[in-house]
Amino acid sequence: MTDPYHCPNCKTNKTRFNLIEQHPKIVKMDANTGDIISEHTSETIEAFHMQYKGPPYKVQCGVCGLLEDESMFTKYASYSQKKENLWWLENRKDLNNRKNQIYRIAQSNLMANLSADHIKTRWENKVVKEMMREAECKTKRNIIS
Ligand SMILES: [Zn+2]
């Protein structure tokens, strides 16, 4: 459990999960009734009885209830992270252009009692906040569509 999870079904949940540990019960059943005749351990298992080879646990999304192997959740997490990083890379130039544009407007509107640096910081903070909001909306839209 060292990799992040992201639910591939509801696409919103990255934090709430039910981890279901899988401890196989090795049994021998009556073919007609389904009654358990005997229980075994990995030491007492019969030679031709195949040992459990599945994953040590299942993962259930704590939001939509999807029940799957862990790999479904880790694979989707790495896919969605790559997609988000790509969006930032693709839009970096555009974000910089907009920042410079706003800085130029700020410079040309220099107010008497504010230094240029003060205005620059204020505008940059505003722009960064705006970009963050936009990125969030964009990411949500991508995830929904
Ligand atoms: Zn889910």
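Quick notes on the rules
Residues numbered from 1 in each chain as written. Predicted model: local features only at pLDDT ≥ 70, side-chain atom pairs only at ≥ 80, totals over all residues. Helix = DSSP H or I, 4+ residues; strand = E, 2+ residues; numbered from the N terminus. Buried ≥ 20, exposed ≤ 12 C-beta atoms within 10 Å, placed from the backbone. Contact = placed C-beta atoms within 7 Å. Core = buried A, V, L, I, M, F, W, Y, C linked by C-beta atoms within 7 Å. Pairing = 2+ DSSP bridges. Axes fitted to C-alpha atoms, helices over the stretch in contact; angles between N-to-C directions.

Q: Just to check I follow, could you spell out the overall build of the chain for this structure?
A: Scanning the chain from terminus to terminus reveals two helices and five strands. Reading the secondary structure of the chain in the N-to-C direction produces β-β-β-β-β-α-α. Looking at the 145 residues of the chain, the share that counts as buried comes to 4%. For the chain, the share of sequence-separated contacts (at least 6 apart) that also reach a separation of at least 24 residues comes to 60%.

Q: Honestly, the nonpolar core in this entry has me stumped. Any pointers?
A: General note: in soluble globular proteins, nonpolar side chains tend to be found buried as a group. Ranked by size, the top nonpolar core spans five residues in total: Tyr5, Cys7, Val59, Cys61 and Phe73. Discounting chain neighbours no more than four positions away, the residues touching Tyr5 are Lys14, Phe17, Val59, Phe73, Thr74 and Ala77.

Q: When you look at unusual backbone geometry in this model, what are you seeing that I'm missing?
A: Trans is the common state for peptide bonds, and a negative phi is the common state for residues other than glycine. Positive phi outside glycine occurs at Lys11, with the angle close to 65 degrees. Here Lys11 lies in the segment before strand 1 (17-21). Using a count of 16 C-beta atoms within 10 Å as the deciding quantity, one classes Lys11 as partly exposed.

Q: Please clarify how the environment of Glu124 should be interpreted in this entry.
A: Within the secondary structure layout, Glu124 lies in helix 2 (residues 116-144). Classification of Glu124 by C-beta neighbours within 10 Å gives partly exposed; the count is 14. Taking the C-alpha atoms as reference, Glu124 lies 7.7 Å from Tyr103; in sequence the two are 21 residues apart.

Q: What exactly am I supposed to notice about the sheet that holds strand 5 (residues 67-69) here?
A: Strands belonging to one sheet form pairs held by backbone hydrogen bonds; the direction of such a pair is parallel or antiparallel. With respect to topology, three strands assemble into an open sheet ordered 1-4-5, the strand pairing being antiparallel. Bordering the open sheet on either side are strand 1 and strand 5, each of which pairs with just one other strand. Adjacent strand axes in the sheet meet at a mean angle of 30 degrees, parallel and antiparallel pairs treated alike. Inspection of the sheet shows strand 4 (residues 57-61) paired to strand 5 by three bridges, in the antiparallel sense. Paired with Gln60 across the two strands is Leu67, which belongs to strand 5.

Q: Can you help me understand the pairing of strand 3 (residues 36-40) in this one?
A: Counting buried residues in strand 3 gives zero out of five residues, a small share hidden from the surface. Examined bridge by bridge, strand 2 (residues 26-29) and strand 3 share four bridges and lie antiparallel to one another. Paired with Lys28 across the bridge in strand 3 is Ser38. Between strand 2 and strand 3, which pair antiparallel and follow one another directly, the connecting turn spans six residues, one of which, Gly34, has a positive phi of 80 degrees.

Q: When you look at the pairing of strand 4 in this model, what are you seeing that I'm missing?
A: Every other side chain in a regular strand lies on the same face of the sheet, so the side chains alternate between the two faces. Two elements, strand 1 and strand 4, share five bridges in a ladder whose sense is antiparallel. Across the sheet, residue Glu21 finds its bridge partner in strand 4, namely Tyr57. The hairpin formed by strand 4 and strand 5 contains five residues between the paired strands, and Gly65 there has a positive phi angle of roughly 90 degrees.

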